[in-house]
Amino acid sequence: MSNSFKSNDNVVQSIDIEEDSPISFEEIESAAKQAMSTPAFSYIASGAGGEETVRNNADAFKKYSITPRLLNDVSKLDTSVTIFGQTYPTPLLLAPVGVLKLADEQGDLAVARAAAKYKVPFIQSTVSSYSIEDVAQATSDSSKWFQLYWSTNEEISFNMVKRAEEAGYKAIVLTIDTITLGYREKDMRHRFSPLALGYGQGNFESDPVFLSTLEKVNSRTIVQGIIDNINYPALNWEHVKELKKRTSLPLVLKGILHPEDALLAIEYGVDGIIVSNHGGRQLDGVISSIDALPEIVKVVDSQIPVLFDSGIRRGIDALKVLALGADAVLVGRPYVYSLAAGGEKGVGQFLANFLQDLQTSMMLSGVKDVKELRQLKIARV
Ligand SMILES: Cc1cc2nc3c(=O)[nH]c(=O)nc-3n(C[C@H](O)[C@H](O)[C@H](O)COP(=O)(O)O)c2cc1C
Ligand SMILES: O=C(O)C(=O)c1ccccc1
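Residues numbered from 1 in each chain as written. Chains lettered and ligands numbered in written order. Predicted model: local features only at pLDDT ≥ 70, side-chain atom pairs only at ≥ 80, totals over all residues. Heavy atoms only, no water.

Around ligand 1 sit 23 residues in total, of which Pro-96, Ser-125, Thr-175, Asp-309 and Arg-313 are the nearest. At 3.0 Å, a side-chain N or O of Lys-254 approaches a nitrogen atom of ligand 1. Between ligand 1 and Gly-332 there is a distance of 2.9 Å, counted from an oxygen atom to a backbone nitrogen or oxygen. Relative to its free-state accessible area of 600 Å², ligand 1 is covered by the protein chains to the extent of 98%. For the shell around ligand 1, the residue count by class is 8 nonpolar, 10 polar and 5 charged. (Near = heavy atom within 4 Å. Polar contact = N/O pair within 3.5 Å; in protein donor to acceptor, adjacent residues only side chain to side chain. Areas by Shrake-Rupley, 256 points an atom, 1.4 Å probe, with all protein chains shown as cover. Nonpolar A, V, L, I, M, F, W, Y, C, P; charged D, E, K, R; others polar.)

The full set of residues close to ligand 2 is Tyr-43, Val-127, Tyr-149, Leu-181, Arg-184, Leu-195, Ile-230, His-278 and Arg-281. Between ligand 2 and Arg-184, the relevant distance is 2.8 Å, taken from an oxygen atom to a side-chain nitrogen or oxygen of the residue. One of the side-chain nitrogen or oxygen atoms of Arg-281 is found 2.8 Å away from an oxygen atom of ligand 2. About the coverage of ligand 2: the protein hides 91% of its 300 Å² of free accessible area. By residue class, the composition of the shell around ligand 2 is 6 nonpolar, 1 polar and 2 charged.

Detail in the predicted coordinates should be disregarded across regions flagged by low pLDDT. The predicted model of the protein averages 96 in pLDDT, with 96% of residues at 70 or higher. Throughout residues 2-8 the model reports pLDDT below 50, and contacts reaching past four residues in sequence, or to other chains, amount to 12 contacts. Reported for the predicted complex are a pTM of 0.97 and an ipTM of 0.99. (pLDDT = per-residue confidence, 0-100. Contact = heavy atoms within 4.5 Å.)

Turning next to the packing of aromatic side chains. Enumeration according to the criterion identifies 10 aromatic pairs in this entry. Both rings, one in Phe-61 and one in Phe-308, keep their centres 6.3 Å apart while their planes meet at 85°; by these two values the pair is edge-to-face. One end of the pair, Phe-61, is in the loop between helix H4 (52-59) and strand S2 (64-67); the other, Phe-308, is in strand S12 (residues 306-308), with 247 residues separating them in the sequence. This pair shows no difference in class: Phe-61 is buried, exactly as Phe-308 is. Chaining the aromatic ring pairs together yields one cluster made of Phe-25, Phe-41 and Tyr-337. The side chain of Lys-101 reaches across the aromatic face of Tyr-130, ending 5.0 Å from its centre. The ring of Phe-158 has Arg-246 sitting right over it, with the charged end atom 4.0 Å from the ring centre. (Phe/Tyr/Trp six-rings, centres within 6.5 Å; stacked < 30°, edge-to-face > 60°. Helix = DSSP H or I, 4+ residues; strand = E, 2+ residues; numbered from the N terminus. Buried < 20%, exposed > 50% of the residue type's maximum accessible area, 1.4 Å probe, protein only. Lys NZ or Arg CZ within 6 Å of the ring centre and 35° of its normal.)

Enumeration over the complete set of coordinates arrives at 15 salt bridges. The partner of Lys-186 in a salt bridge is Glu-51, with the nearest N and O atoms 3.2 Å apart. You can see Lys-186 sitting in helix H8 (residues 185-190) and its partner Glu-51 sitting in the loop between helix H3 (38-45) and H4, a full 135 residues away along the chain. With a relative accessible area of 39%, Lys-186 lands in the partly exposed category. Between Glu-372 and Lys-368 there is a salt bridge, and its shortest N-O distance comes to 3.3 Å. Glu-372 sits in the partly exposed class, given a relative accessible area of 26%. Linked through salt bridges whose partners overlap, the residues forming this network are Lys-63, Asp-291 and Arg-380. (Salt bridge = Lys/Arg side-chain N within 4 Å of Asp/Glu carboxyl O.)

What follows is about the packing of H3 against helix H15 (residues 333-365). In the contact formed by H3 and H15, the axes pass within 10 Å of each other and the chain directions differ by 160°. Classified by the angle between their axes, H3 and H15 sit roughly antiparallel to one another. Every residue of H15 that contacts H3 at Phe-41, Ile-44 and Ala-45 is listed here: Arg-333, Val-336 and Tyr-337. A breakdown of the residues in the contact of H3 with H15 according to their chemical character gives 5 nonpolar, no polar and 1 charged. (Axes fitted to C-alpha atoms, helices over the stretch in contact; angles between N-to-C directions. Parallel < 35°, antiparallel > 145°, perpendicular 65-115°, else oblique.)

Counting residues in hydrophobic clusters, the biggest one holds 102 residues, and the most contacted among them are Ile-273 and Tyr-335. A total of 12 residues in this core trace back to one element, the largest contributor, which is H15. The contact partners of Tyr-335, leaving out residues within four places of it in the chain, are Leu-94, Ala-95, Pro-96, Val-97, Leu-100, Val-111, Phe-122, Val-347 and Phe-350. Within the second largest apolar cluster, 15 residues are counted, among which are Tyr-88, Leu-93, Ala-171 and Val-252. (Core = buried A, V, L, I, M, F, W, Y, C linked by side-chain atoms within 4.5 Å.)

What follows concerns the environment of Ala-292. Looking at the secondary structure, you find Ala-292 in helix H13 (residues 289-300). Exposure remark for Ala-292: the relative accessible area of 3% places this residue in the buried category. Taking the C-alpha atoms as reference points, Ala-292 and Val-217, 75 residues apart in sequence, are found 44 Å from one another. Non-local contacts of Ala-292, meaning those with residues more than four positions away in its chain, are made with Leu-257, Val-275 and Ile-287.

Turning to the pairing of strand S11 (residues 272-275), a few remarks are in order. Residues Gly-272 and Ile-274 line one face of S11 and the alternating positions Ile-273 and Val-275 line the opposite face, and both faces are buried. Two strands pair when backbone bridges link them, and strand S10 (residues 251-256) and S11 are joined in this way by 4 bridges, in the parallel orientation. Bridging across to S11, Lys-254 finds its partner in Ile-274. The parallel pair S10 and S11, bridged by helix H12 (residues 259-267), forms a crossover whose chirality is right-handed. (Pairing = 2+ DSSP bridges. Right-handed = clockwise from strand over helix to strand, strands pointing away.)

Below is the structure:
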């Protein structure tokens, strides 16, 4: 997105926003809380264990401060990034989030449409509410990536990857931090499982390989089949090697926190990594994603793109992460809350505001493009 800005664009633009539409992350979150049942909101908001990592993800951002450059003529701003040979107008992607019907009946379709409008790539989850083909049909000319949860029956995984390839998806993201679901106390208290409610089966009920493994096909056997498949503690680097052979698409590993694992990813021919702790939903007590980033950026040394998620709430958060050397960022909960509060329109409004914040923050930091942004000095306090 190349743009010229007037200094008071923010305020002028905000006059067009509907009076009651939420602006800050806190407003969006509280609107979502009002719109949803307690167990459903809690499923999205909560994390594993005592939620130490959920809190750390957000708090850790405060330790990193931008040291702006001034007098650098930022009247022409270029926020574009190139990843795996594709140029995207902004360094933002939507993180894979399963069971989106929990937030809105239109789920993935609504999110993918809003993302398409702002040319933000949408990463579709394995446990999405709608199928790969449904999402592809709803948004034919937008960039989409597919996130894979490895299935115990690997033929199901390979078939889903093939379906994503055929539907024109641009990358495969293998999530490696969810070989079993995190220990989530609030969901246990509420006895709440969105998979059991049938919100995460879009890709399974449409998959001939999966269906052929069921003796009888009904809502109960589908749910049980999904649960049996997506918990796969045996996952290891040999699977990565095999998947790499099976797909012509770039392969990205999501959930890297240790520099040694980043190096192994490169050794195994992986095309990109996402530094992430799954928004604090998997292992409680792990390092915050932003604290893990600098060392990983250092060892990766620009050999492959390093993406980032967990804790990004505002454009300025993205700025810090890019200045620490990430190539692009993903947001999770902010868009899910926007979906719950305002459907497709809500997600669109969130994206417009987020990107406006990012652009304004880039200008005020004295950087014209993402390359300059990645050189920006960050002070750690
Ligand atoms: C409700 C919910 C469902 C999620 N489902 C998935 C999923 O299916 N696959 C996956 O790789 N990550 C999943 N994630 C993790 C996100 O991709 C992302 O890592 C996380 O939300 C980033 O943190 P943030 O919410 O602080 O932005 C989910 C997150 C949430 C909140
Ligand atoms: O809740 C999650 O974080 C997640 O990744 C997931 C896993 C299985 C089903 C639905 C969501």
